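# What the coordinates show
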Amino acid sequence: MALMEAWYPASRAESWDRVGLIAGDPSAHVTSILLAVDPVSAVVDEAIDEDAGLVITHHPLYLRGTSFLPASDPKGASITRLIKNDIALFNAHTNADISADGVGDALAQLVGITSSSPLVPTGIDQAGRPIGHGRIGSIAPTRLGDFLDLVAECLPAGPHGIFGSGDPGTIIERVAVSGGAGDSFLEVAREGGADVFLTADLRHHPASEHLEGGAPALICGSHYATEWPWLPLLKRKLVQAASTANVEVRVKVSTIITEPWTSHRPTLGGRK
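Since the model is a prediction, treat every value here as computed from it, not as a measurement.

Here is what the cut-offs are and how they apply
Residues numbered from 1 in each chain as written. Predicted model: local features only at pLDDT ≥ 70, side-chain atom pairs only at ≥ 80, totals over all residues. Heavy atoms only, no water. Helix = DSSP H or I, 4+ residues; strand = E, 2+ residues; numbered from the N terminus. Rg over C-alpha atoms; globule rule 2.2 N^0.38 Å. Buried < 20%, exposed > 50% of the residue type's maximum accessible area, 1.4 Å probe, protein only. Pairing = 2+ DSSP bridges. Contact = heavy atoms within 4.5 Å. Axes fitted to C-alpha atoms, helices over the stretch in contact; angles between N-to-C directions. Phe/Tyr/Trp six-rings, centres within 6.5 Å; stacked < 30°, edge-to-face > 60°. Salt bridge = Lys/Arg side-chain N within 4 Å of Asp/Glu carboxyl O. UniProt positions renumbered as here; feature names shortened; annotations may be inferred. 1 Å grid on protein atoms, 1.4 Å probe; cavity = no way out; pocket = protein on both sides within 12 Å on 5 of 7 lines; lining within 4 Å. Polar contact = N/O pair within 3.5 Å; in protein donor to acceptor, adjacent residues only side chain to side chain. Points joined across faces, edges and corners; volume = space filled by probe spheres on them. Nonpolar A, V, L, I, M, F, W, Y, C, P; charged D, E, K, R; others polar. Domains from an automatic or database assignment.

This part covers the overall build of the chain. Scanning the chain from terminus to terminus reveals 10 helices and 11 strands. Here the chain has a C-alpha radius of gyration of 20 Å; the compact-globule value for 272 residues is 19 Å, and the two agree. By its C-alpha atoms, the chain is 55 × 55 × 30 Å across when sized along the principal axes. When each of the 272 residues of the chain is scored for burial, the buried share is 46%.

Given below as structure tokens:
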């Protein structure tokens with residue numbers, strides 16, 4: 001918990017967010033940690049199977065207060081099983097989005113952006129590094145179509161895949177990224193001179209109206225897939241910190257796809 005607070009201070013989270021220790025005893029001895037995007041039932045199953053003492057997720061269990069946690073409720077059942085199996089649950093959400101070595105940095109590194117800076121700067125951390133939502137920077141000049149292929153190869157597998165806009169033959173050099181829902185940053189990406197903006201959860205009207213106004217081209221992945229790359233980065237940080245402290249702890253990144261969708265079909269009707 002101290003390491004997570006040092007790397008991703010809770011004070012950086014948005015006012016509406018809920019981050020930190022959701023359940024568990026801070027004094028408990030932990031020898032195995034599971035990292036995941038969502039605190040859902042399948043992840044709880046994996047934590048129990050792996051004999052994890054701690055699960056760290058990106059998303060919180062609740063964003064709003066609740067008065068009841070019955071086991072008949074899906075979230076209540078998850079928290080009941082975690083407690084019964086002595087598994088703590090901790091999360092870092094928007095504080096991990098904006099911090100150095102967070103969700104934005106992980107996604108930027110994954111697609112080859114060099115010398116990235118925050119797309120929406122919010123300040124400077126104690127090490128003098130700029131922090132903020134998303135990232136923007138340069139890549140070697142490449143065709144948009146080839147970059148789409150690269151993104152499809154780099155993001156974790158899932159039924160959603162990616163959607164792209166723009167002429168595949170256009171040469172791009174400046175790329176903006178934002179893990180999770182990013183349509184509120186469309187204009188910022190344009191003002192930053194991005195040739196293409198990779199994000200998730202783009203809605204029809206904001207995306208359509210943006211494209212009518214020109215660049216950047218858009219790449220829309222799933223919420224899960226654009227945030228998952230942070231987990232391997234976090235694993236490396238935890239393993240290194242444990243090694244430095246001469247502590248034995250096993251860290252596993254969950255590969256369970258926690259998107260709400262389970263299949264994809266192209267629609268073919270209405271063309272007659």
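Right, picking up where we left off after that structure.
For sheets, the rule is that strands pair by backbone hydrogen bonds, running either parallel or antiparallel. The strand order across the open sheet built from six strands is S5-S6-S8-S9-S10-S7, with neighbouring strands paired in mixed fashion. The outermost strands of the open sheet, each flanked by one partner alone, are strand S5 (114–124) and strand S7 (163–164). Sheet analysis places strand S9 (residues 196–200) next to strand S10 (residues 217–221), joined by five bridges and oriented parallel. The partner of Ala200 across the bridge, within S10, is Gly221. The strands touched by helix H6 (residues 144–154) within the sheet are strand S6 (130–143), S7, strand S8 (171–181), S9 and S10, with S6 carrying the most contacts at an inclination of about 125°.

Before going further, it helps to examine the packing of aromatic side chains. Counted according to the given criterion, the structure contains two aromatic pairs. On the numbers, 6.3 Å between centres and 75° between planes, the contact of Trp7 with Tyr8 is edge-to-face. Accessibility classification places Trp7 together with Tyr8 in one group, the buried group. A ring pair is formed by Tyr8 and Trp230, whose centres lie 5.5 Å apart and whose planes are at 85°; its orientation type is edge-to-face.

Two side chains of opposite charge can pair, provided their charged atoms sit close to one another. Under the definition given, this model contains 10 salt bridges. Among the ionic pairs, Lys252 bridges to Glu50, the shortest N-O distance being 2.9 Å. Taken together, the residues Lys252 in strand S11 (residues 250–253) and Glu50 in the loop between helix H2 (41–49) and strand S3 (54–57) connect sequence positions 202 residues apart. The class of Lys252 is partly exposed, set by a relative accessible area of 27%. Residue Arg190 pairs with Glu187 through a salt bridge whose shortest N-O separation is 3.4 Å. Of this pair, Arg190 and Glu187 both sit in helix H7 (residues 186–191), three residues apart, which is roughly one turn of the helix. You can call Arg190 partly exposed: its relative accessible area is 24%.

Moving on: the UniProt feature "binding site: a divalent metal cation" (unreviewed entry) in the chain. Those residues carrying the UniProt feature "binding site: a divalent metal cation" (unreviewed entry) are His58, His59, Asp97, His223 and Glu227 in this numbering. A compact arrangement is adopted by the annotated residues: their sequence extent is 170 residues, whereas the largest C-alpha distance between any two is 12.7 Å. As for the annotated residues, the ones lining the second largest pocket are His59, Asp97, His223 and Glu227. Excluding its chain neighbours within four sequence positions, the residues that come into contact with His59 are Val37, Asp38, Pro39, Asn91, His93, His223 and Glu227. Mapped onto the elements, Glu227 comes out in helix H9 (residues 223–227). Residues in contact with Glu227, not counting those within four places in the same chain, are Val37, His58, His59, Asp97, Val103, Gly179 and Gly180. A polar contact is formed between the side chain of Glu227 and the side chain of His58, at a distance of 3.4 Å.

Once that is clear, we can look at empty space enclosed by the protein. As enumerated under the stated definition, the model contains one cavity of 30 Å³ or more in all. Space inside the largest cavity adds up to approximately 30 Å³. If you go around the largest cavity, the residues you meet are Ala36, Val37, Asp38, Val43, Tyr224, Trp228, Leu231, Ser254, Ile256 and Thr258. Looking at the lining of the largest cavity residue by residue, the classes come out as seven nonpolar, two polar and one charged.

Our next topic: the layout of surface pockets. Approximately 810 Å³ is the volume attributed to the largest pocket. What lines the largest pocket is a set of 36 residues, among which Ala28, His29, Val30, Ile33 and Leu54 lie closest to the centre. Where the lining of the largest pocket is concerned, the elements lending two or more residues are helix H1 (2–7), strand S1 (20–23), strand S2 (32–36), H2, S3, helix H3 (74–84), strand S4 (88–91) and helix H10 (230–244). Of the volumes computed, that of the second largest pocket is approximately 380 Å³. Counting residues per element, the lining of the second largest pocket draws most heavily on S8, at four residues. Among the residues making up the lining of the second largest pocket, the classes are represented as eight nonpolar, 11 polar and four charged. Counting contributing residues, the lining of the second largest pocket receives three or more from each of domain 1 (1–93 + 227–253) and domain 2 (97–224).

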